[in-house]
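# An overview of the molecular structure
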Amino acid sequence: MLCRGLSHLQSRFQNLLKRGVICQVLQMSNFKSLFPLAIHWHHTASKSMNCAWHQHEDHFELQCANTVMRFGYVWLRDHCRSASCYNSKTHQRSLDTASVDLYIKPKSIRLDETTFFFTWPDGHVTRYDLDWLMKNSYESQKQKVIQPRILWNAKIYQQAQVPSADFQHFLETNEGLKKFLQNFLLYGIAFVENVPPTQEHTEKLAERISLIRETIYGRMWYFTSDFSRGDTAYTKLALDRHTDTTYFQEPCGIQVFHCLKHEGTGGRTLLVDGFYAAQQVLQKAPEEFELLSKVPLKHEYIENVGECHNHMIGVGPVLNIYPWNKELYLIRYNNYDRAVINTVPYDIVHRWYTAHRTLTTELRKPENELWVKLKPGKVLFIDNWRVLHGREAFTGYRQLCGCYLTRDDILNTARLLGLQA
Ligand SMILES: C[N+](C)(C)CCCC[C@H](N)C(=O)O
Ligand SMILES: O=C(O)CCC(=O)C(=O)O
Ligand SMILES: [Fe+2]
């Protein structure tokens, strides 16, 4: 076992010292640029980043600044990035994980500058860069937000004065696209203006950022109040706030709306940030937030109108959160399409209704409602996993076209443009 800088060890690491071998890494000058979590460490670490490590019986421990990170040996062996274990051209694992001894332990560990060298019992050597380990540790992921967002009520959104994208700029420049996507990711809604009011141009716009998600409503849809489909959307009635396609196992990620024509009154679009409302529930009644994130519900779409026969069922809680950092990523809220609740016993059902009421109260607060009148030329993108939409009743002839997009593909575009998504 080789160690460096032992003389620099301070009392801070004395506990670790007592338990065995300690090594320290000094002067990590490239640390901040390599490690995106630098923002977090920035406050806690001085310029020379001190890290200490320790080889335990069943895991490897790394301590940098105030973070203690633990890595199991099977995990470490499984994440070997050597040429025989990992294809760096395809970014795919070649190693057969099932061939790794579940009780594997390294024969030796040494640190050279900022690279650890693990030698395994069969002589295979794995190298891990310190910053790679830090970035990929559970402990750092736990503190990290997957998707930075600005939660809003009407006032916050209006005061932010988020600009709309211009059709040409959006189509022809990466910069225009990137700005649009950044706003979309932050707020869950975004507008494009100066779009020729046709279905073809709307389609072109959608294809610029994502693959269109074809559903039972078609690829591009075009609808009026003709009740051509068995759903209230195809009437002139008001629609309370909701998310769409809750009856899919994976609800559509994004909804695109373009109002091509409206000769009449009413018909404004209502937008509510579901995550803002959920955040209020978390603050006011955390146990209700938890219940909404745990109780599985069914939503259902049953249609028998004309030639259209469909029966869709989607299952999932109202609030969907990542288990490791509790970050909210999907709200499934549609009181029209919610199916019979038969997945939980009656006493929990009652508690669920209470929690659902609390969330509904937040969602219905007038200060959380953003009302917009969609006009030909102005296309609205809605994050259907976050922002609820609704509409006011209307009179006269109204034509809306649009489509759904797959969330994976829009996030793919965002990442390729360098955005965090
Ligand atoms: C958008 N488009 C008119 C095609 C479909 C409307 C789907 C309406 C359905 N109740 C839901 O919320 O999913
Ligand atoms: O007519 C509208 O403005 C929206 C209707 C609706 O909720 C939908 O089509 O998903
Ligand atoms: Fe809808």
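This one's a predicted model, so the numbers in the text were calculated from it and none came from an experiment.

## Considerations on the overall build of the chain
- When you go through the chain residue by residue, the secondary structure sums to 14 helices and 24 strands.
- Here the chain holds 421 residues, and the buried ones make up 50% of them.
- Across the chain, contacts joining residues at least 24 apart in sequence account for 72% of those joining residues at least 6 apart.

## Some points on the coordination of the iron ion (ligand 3)
- Protein-derived coordination of the iron ion (ligand 3) comes from His242 (NE2), Asp244 (OD) and His389 (NE2), at a distance range of 2.1 Å.
- Here the donor residues of the iron ion (ligand 3) are spaced in sequence according to H-x1-D-x144-H.
- The buried category is assigned to His242, whose relative accessible area is 6%.

## Describing the UniProt feature "domain: Gamma-butyrobetaine hydroxylase-like N-terminal" (unreviewed entry) in the chain
- Sequence positions flagged by UniProt for "domain: Gamma-butyrobetaine hydroxylase-like N-terminal" (unreviewed entry) are, in local numbering, residues 54-133.
- In residues 54-133, helix accounts for 12% and strand for 41%; the two terminal C-alpha atoms are 14 Å from one another.

## Considering the packing of aromatic side chains
- All chains considered together, the criterion is met by 28 aromatic pairs.
- Considering the side-chain rings of Phe118 and Tyr128, the 5.0 Å spacing of their centres and the 85 degrees angle between planes classify their relative orientation as edge-to-face. Separated by 10 residues along the polypeptide, Phe118 in strand β8 (residues 115-119) and Tyr128 in strand β9 (residues 125-129) bring together distant segments of the chain.
- Looking at Phe118, the relative accessible area reads 0%, which means it is buried.
- Under the relative-accessibility criterion, Tyr128 is labelled buried at 1%.
- An aromatic cluster is present here, built from Trp53, Phe60, Phe71, Trp75, Phe116, Phe118, Trp120, Tyr128 and Trp132 joined pairwise through their rings.
- Directly above the ring of Phe394 sits Arg398, whose terminal nitrogen or CZ lies 4.9 Å from the centroid.

## Thoughts on the sheet that holds β8
- The antiparallel open sheet is built from 3 strands, whose spatial order is β7-β8-β9. Of all the strands in the sheet, the pair left with one neighbour each is β7 (108-112) and β9. With strand direction ignored, the average angle separating the axes of adjacent strands in the sheet is 20 degrees.

## A few points about the state of the cysteines
- By the definition in use, this model includes 1 disulfide.
- Here Cys51 pairs with Cys64 through a disulfide, and the sulfurs are 2.1 Å apart. What sets the handedness of the Cys51 and Cys64 disulfide is the S-S torsion sign, and at about 120 degrees it is right-handed. In this pair, Cys51 sits in strand β2 (residues 51-55) while Cys64 sits in strand β3 (residues 59-64), placing the two residues 13 residues apart along the sequence.
- Taking the relative accessible area as the measure of exposure, Cys64 reaches 0% and is therefore buried.
- Cysteine Cys85 remains unbridged, with the sulfur of Cys80 as its closest cysteine sulfur at 3.8 Å.
- Cys401 takes part in no disulfide bond, and the closest cysteine sulfur, belonging to Cys403, lies 7.9 Å away.

## Quick word on the packing of helix α11 (residues 274-284) against helix α13 (residues 346-363)
- Look at α11 against α13: their axes get within 9 Å of each other, and the N-to-C directions meet at 130 degrees. As far as their axial angle goes, α13 and α11 are oblique. Of the two elements, α11 crosses α13, and the hand of that crossing is right-handed. When α11 is examined against α13, the residues Gly274, Ala277, Ala278, Gln280, Val281 and Lys284 are found in contact with a partner set consisting of Thr358, Leu359, Glu362 and Leu363.
- Taken together, the residues that form the contact of α11 with α13 break down as 5 nonpolar, 3 polar and 2 charged.

## As for the sheet that holds strand β21 (residues 370-372)
- One open sheet holds the 4 strands; their spatial order is β14-β23-β16-β21, and the pairing between them is antiparallel. The sheet terminates laterally at β14 (239-242) and β21, the two strands that pair on one side only. The average undirected angle you get between the axes of adjacent strands in this sheet is 20 degrees.
- Where strand β16 (residues 269-273) meets strand β23 (residues 387-391), 5 bridges bridge the pair, whose relative direction is antiparallel. The partner of Thr269 across the bridge, within β23, is Arg391.

Rules behind the numbers
Residues numbered from 1 in each chain as written. Chains lettered and ligands numbered in written order. Predicted model: local features only at pLDDT ≥ 70, side-chain atom pairs only at ≥ 80, totals over all residues. Heavy atoms only, no water. Helix = DSSP H or I, 4+ residues; strand = E, 2+ residues; numbered from the N terminus. Buried < 20%, exposed > 50% of the residue type's maximum accessible area, 1.4 Å probe, protein only. Contact = heavy atoms within 4.5 Å. Donors = N, O, S within 2.8 Å, 3.2 Å for Na, K, Ca; no water. UniProt positions renumbered as here; feature names shortened; annotations may be inferred. Phe/Tyr/Trp six-rings, centres within 6.5 Å; stacked < 30°, edge-to-face > 60°. Lys NZ or Arg CZ within 6 Å of the ring centre and 35° of its normal. Pairing = 2+ DSSP bridges. Axes fitted to C-alpha atoms, helices over the stretch in contact; angles between N-to-C directions. Disulfide = S-S within 2.5 Å. Parallel < 35°, antiparallel > 145°, perpendicular 65-115°, else oblique. Left-handed = near helix turned anticlockwise from the far one by under 90°. Nonpolar A, V, L, I, M, F, W, Y, C, P; charged D, E, K, R; others polar.

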